[in-house]
Amino acid sequence: MALLKLNNISKEYERGGKKFPAVNNASLEINQGDYVNITGRSGSGKSTLLNIAAGMLSPSSGSVELDGELLNFKSDKELSLMRNNKIGFIPQGLAALNYLSVLENILLPFYLYPDKNFGDADGYARILLEKFNIEKLADAYPNELSGGELRRVIIARALINRPKIIIADEPTADLDLENINNIMQIFTKLNEQDGTTLLIVSHDQEALAYGKKLFIMSEGVLSLKN
Amino acid sequence: MLNKNLNLNLALKNIRMRPQRNFCIILSLLIFAFLLFAGSVLLTGLSNGSQSMADRLGADIMLVPSGYDPHIDSILLSGKPSTFYLPEDALNKLNEINSNPDIDIGIGAVSPQTFLATLNASCCSYPVQLIGIDYNSDFIVKPWLESAIHRELNDGEIITGYHVSGQPGEILKFFNKDLLIAGRLEQTGMGFDSAIFMNKNTIAVLAKEAERITGRKISNKSGMTSVIMLKLKPGYDSVVSAGELNRQLNKHGIYALFSKKFVNKISDSLSIISSIIKFILIIVWLFAVIIIALLFTLSLSERKGEMGILRVLGASRNKLTSLILTESLLTSFYGAILGAILAAAAVFALRPYIINSLKMPFLLPDIFNLILLFISAILISVLTGAAASGYAAFKAGRDDIYNAAKNF
């Protein structure tokens, strides 16, 4: 059974009184342990598709299944809970709360819906910090970090609730080559060593060298490249 | 560090990170809570004082020397010492009217009182209003004097008003006479709080000594009567009876005034002050609501990215709304508690000046009611803050995640 299944997804927007398809009849199946990249030009509909896959945007037509559950018609509360504990979403940009320390940012998804059976969340957050070589930054604040360090914090945050899938939107945007490679190696390790399922959208050619499957998005149409 | 009280954790950290914006919200509610608590205490104090005066002014009509009605105002309202006396035949004139079958004014009880102002001199402990009552006829002061000591006052004994310094058992000296404090009265909110009470024998002795010290004749042969208190029989109108008494007695230098006049005058003033305070409160409340609503709307518009992060991480719409409302409640609480504490300090520190400038009876609410007013002021202020930010909080929770997320 596919972990994430997008069935004939379309999303239409209106511009200047005319409708245009941001995503046009896209279908995608991602199994446990997959590492899928989607690339495409700016405005090709990649981010829209990713947001639909993460239950943050409703498709105009088509359906999304995550871990055997249909996301269509779920309430905001159900979708939010699912996003919190089944999806580790890495948004575009340096999306961290500046008034929380690095450790607190990482723990934020856990404390949104604390789970008694989870175990030591604080300890697990510190393990993630060590794993990404940022343990010394636990008490630092996001505005004290470099772009590469903050990206690693955001990846650690996405992993804190041990999600079924990591969905990342342009995780290497605005990074230099060295940092791009560092981040992509982290994703590769997560996939190869921990079996983490990954769906990554990127237009960085360097980033696309990593991953098992590559899809191309062009004018809303999704197609498999390899 | 974050814990299970995430709403409170985030709100506290957010407030600390944005001191300027939160300062404006806190200041708005501080001013509102200050005025709400101080205004409520002032109004309740004046209302209590007015009620106390209505309760304690057991006389329906007071006879005073013509032209001295402002003096009785001062004595009753502020306790400002004053000495004045009715003509010596005032009681006889009243008895003549009372026994005249053609004049029906319904006098039920009559009791004279004697006022004597002490001096700011070595003969006296301090300047104060002395009031001598006739124990045989008194129907006004005696009941609450007796409740203070549970017996009649002996010659040479006094009972002090609430604000007069001196404790029971101590000796005070007036016109070179030592007087034993037999008890203290409860607070009345009136001029009686600054007066000293004694029986008519004691005040007569003091008056004689006062004449000797000052060299001025202040009493007459038949004794000294400053005011005659009258209680009417049921069914008689004090305004009508006072009018008739004035027709009969004005030519003899006696003026009748009805007690309701004081209460009515105070009620009128109270209603004006109450309207002013309410008006100011409504204006400040409106300003606070507008300022807080604007600040929260602006702030949440700037923080769309932050809201987007929280939504992406799994915060539901309702959770986001509750996070913002917690922040608003907390900010409002800071302002409200600071405002109420400052108001409490101001009321206690400035109370004597306020009472003096208002020239109205003022009786501070008891501790239970003060606490109740304090909590109510905080609660209303906090709810004002929460309500003002409510729309912005609701709207932020309804923003599309995809759009909010674009603001990272």
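None of the values given here were measured: they were computed from a predicted structure. (Residues numbered from 1 in each chain as written. Chains lettered and ligands numbered in written order. Predicted model: local features only at pLDDT ≥ 70, side-chain atom pairs only at ≥ 80, totals over all residues.)

**Observations concerning the overall build of chain A**
Right, on to step 1. Counting its regular elements, chain A contains six helices and 10 strands.
Right, on to step 2. On C-alpha atoms alone, chain A measures out to a radius of gyration of 17 Å, which is about the 17 Å that the 2.2 N^0.38 rule sets for 226 residues.
Right, on to step 3. Dimensions along the principal axes, computed over C-alpha positions, put chain A at roughly 50 × 40 × 35 Å.
Right, on to step 4. Put simply, chain A has 226 residues, and 49% of those count as buried.
Right, on to step 5. When contacts within chain A are restricted to residue pairs at least 6 apart in sequence, long-range pairs at least 24 apart make up 70% of them. (Helix = DSSP H or I, 4+ residues; strand = E, 2+ residues; numbered from the N terminus. Rg over C-alpha atoms; globule rule 2.2 N^0.38 Å. Buried ≥ 20, exposed ≤ 12 C-beta atoms within 10 Å, placed from the backbone. Contact = placed C-beta atoms within 7 Å.)

**Structural notes on the nonpolar core**
Right, on to step 1. Counting 185 residues, the largest nonpolar core has A53(A), I167(A), A33(B), F37(B), I61(B), L63(B) and F197(B) as its most contacted members.
Right, on to step 2. Among the domains, domain 1 (6-52 + 266-405) and domain 2 (58-258) of chain B are the pair contributing at least three residues each to this core.
Right, on to step 3. With residues up to four places along the chain from it excluded, the contact list for L63(B) reads L86(B), A90(B), L94(B), V227(B), I228(B), L230(B), I254(B) and A256(B). (Core = buried A, V, L, I, M, F, W, Y, C linked by C-beta atoms within 7 Å. Domains from an automatic or database assignment.)

**Details of the environment of I158(B)**
Residue and element names in this part refer to chain B.
Right, on to step 1. By the element assignment, I158 lies in strand 4 (residues 157-160).
Right, on to step 2. For I158, a count of 24 C-beta atoms within 10 Å puts it in the buried group.
Right, on to step 3. For the pair I158 and L295, spaced 137 residues apart in sequence, the C-alpha separation works out to 62 Å.

**Comments concerning the sheet that holds strand 5 (residues 69-70) of chain A**
Residues and elements named next belong to chain A.
Right, on to step 1. Ordered in space as 2-1-4-5, the four strands form an open sheet in which the pairing is antiparallel. Whereas interior strands pair on both sides, the edge strands pair on one side only; in this sheet they are strand 2 (18-30) and strand 5.
Right, on to step 2. The strands touched by helix 1 (residues 46-53) are strand 1 (4-15), strand 2 and strand 4 (61-66); relative to strand 1, the strand with the most contacts, the crossing angle is about 125°. (Pairing = 2+ DSSP bridges. Axes fitted to C-alpha atoms, helices over the stretch in contact; angles between N-to-C directions.)

**Remarks on the interface of chain A and chain B**
Right, on to step 1. Across the contact, 25 residues belong to chain A and 20 residues belong to chain B.
Right, on to step 2. Elements with a minimum of two residues in the side of chain A that touches chain B: helix 2 (76-85) and helix 3 (102-112) of chain A.
Right, on to step 3. Of the residues contributing to the side of chain A that touches chain B, the split by class is 16 nonpolar, five polar and four charged. (Nonpolar A, V, L, I, M, F, W, Y, C, P; charged D, E, K, R; others polar.)

**Side note on the sheet that holds strand 7 (residues 195-199) of chain B**
Residues and elements named next belong to chain B.
Right, on to step 1. Ordered in space as 5-6-4-7-3-2-8-1-9, the nine strands form an open sheet in which the pairing is mixed. In this open sheet, the two strands that pair with only one neighbour each are strand 5 (171-174) and strand 9 (254-258). Each strand of the sheet is rotated relative to its neighbour by a mean of 35°, with strand direction disregarded.
Right, on to step 2. Note that strand 1 (residues 61-65) and strand 9 share five bridges and pair antiparallel. From the neighbouring strand, P65 faces strand 9, where its bridge partner is I254.

**Observations regarding the domain arrangement of chain B**
Residue and element names in this part refer to chain B.
Right, on to step 1. For chain B, the domain assignment lists domain 1 (6-52 + 266-405) and domain 2 (58-258).
Right, on to step 2. The centre of domain 1, based on its C-alpha atoms, is set 49 Å off from the matching centre of domain 2.
Right, on to step 3. With eight residues of domain 1 at the interface, the matching set in domain 2 holds six residues.
Right, on to step 4. A class-by-class count of the residues in the side of domain 1 that touches domain 2 yields four nonpolar, three polar and one charged.

**Remarks on the pairing of strand 6 (residues 87-90) of chain A**
Residue and element names in this part refer to chain A.
Right, on to step 1. Of the two faces of strand 6, both are covered, the one formed by I87 and F89 as well as the one formed by G88 and I90.
Right, on to step 2. Pairing of strand 6 with strand 7 (residues 165-169), which is carried by four bridges, proceeds in the parallel orientation. For I90, the partnering residue across the bridge sits in strand 7 and is A168.

**Remarks on the environment of V64(A)**
Residues and elements named next belong to chain A.
Right, on to step 1. As for its placement among the helices and strands, V64 is situated in strand 4.
Right, on to step 2. Residues V64 and A53 lie 11 residues apart in sequence; the distance between their C-alpha atoms is 6.5 Å.
Right, on to step 3. If we ignore the near neighbours within four places in the chain, the residues touching V64 are L6, I52, A53, G55, L71 and N72.

**Considering the packing of helix 1 (residues 6-17) of chain B against helix 10 (residues 317-358) of chain B**
Residue and element names in this part refer to chain B.
Right, on to step 1. In contact at an axis separation of 9 Å, helix 1 and helix 10 are set at 55° when each is read in the N-to-C sense. Taken together, helix 1 and helix 10 sit at an angle that is classed as oblique. The crossing of helix 1 and helix 10 is right-handed. In this structure, helix 1 contributes N7, L8, L10, A11, L12, N14 and I15 to the contact, and helix 10 contributes S322, L323, T326, E327, L330 and T331.
Right, on to step 2. Of the residues contributing to the contact of helix 1 with helix 10, the split by class is seven nonpolar, five polar and one charged. (Parallel < 35°, antiparallel > 145°, perpendicular 65-115°, else oblique. Left-handed = near helix turned anticlockwise from the far one by under 90°.)

**Topic: helix 1 of chain B**
In an α-helix, one full turn covers 3.6 residues, which means residues spaced three or four apart are oriented alike.
Right, on to step 1. In this model, helix 1 of chain B (12 residues) spans 16 Å end to end at C-alpha, consistent with the 16 Å of a helix rising 1.5 Å per residue.
Right, on to step 2. Buried within helix 1 of chain B are the following residues: L6(B), L10(B), A11(B) and N14(B). Down the axis of helix 1 of chain B, the smallest arc covering the buried residues is 125°, so these residues share one side.
Right, on to step 3. In this fold, the buried residues of helix 1 of chain B make contact with helix 3 of chain A together with helix 10 of chain B. (Expected span 1.5 Å × (residues − 1). Arc of directions from axis to C-beta.)

**Digging into the packing of helix 3 of chain A against helix 5 (residues 147-159) of chain A**
Residues and elements named next belong to chain A.
Right, on to step 1. Packing of helix 3 against helix 5 leaves a shortest axis separation of 7 Å and a crossing angle of 30°. Classified by the angle their axes make, helix 3 and helix 5 are roughly parallel. As helix 3 runs across helix 5, the sense of the crossing is right-handed. Contact residues: V102, N105, I106, L108 and P109 in helix 3; V153, A156 and R157 in helix 5.
Right, on to step 2. For the contact of helix 3 with helix 5, the class distribution of residues is six nonpolar, one polar and one charged.

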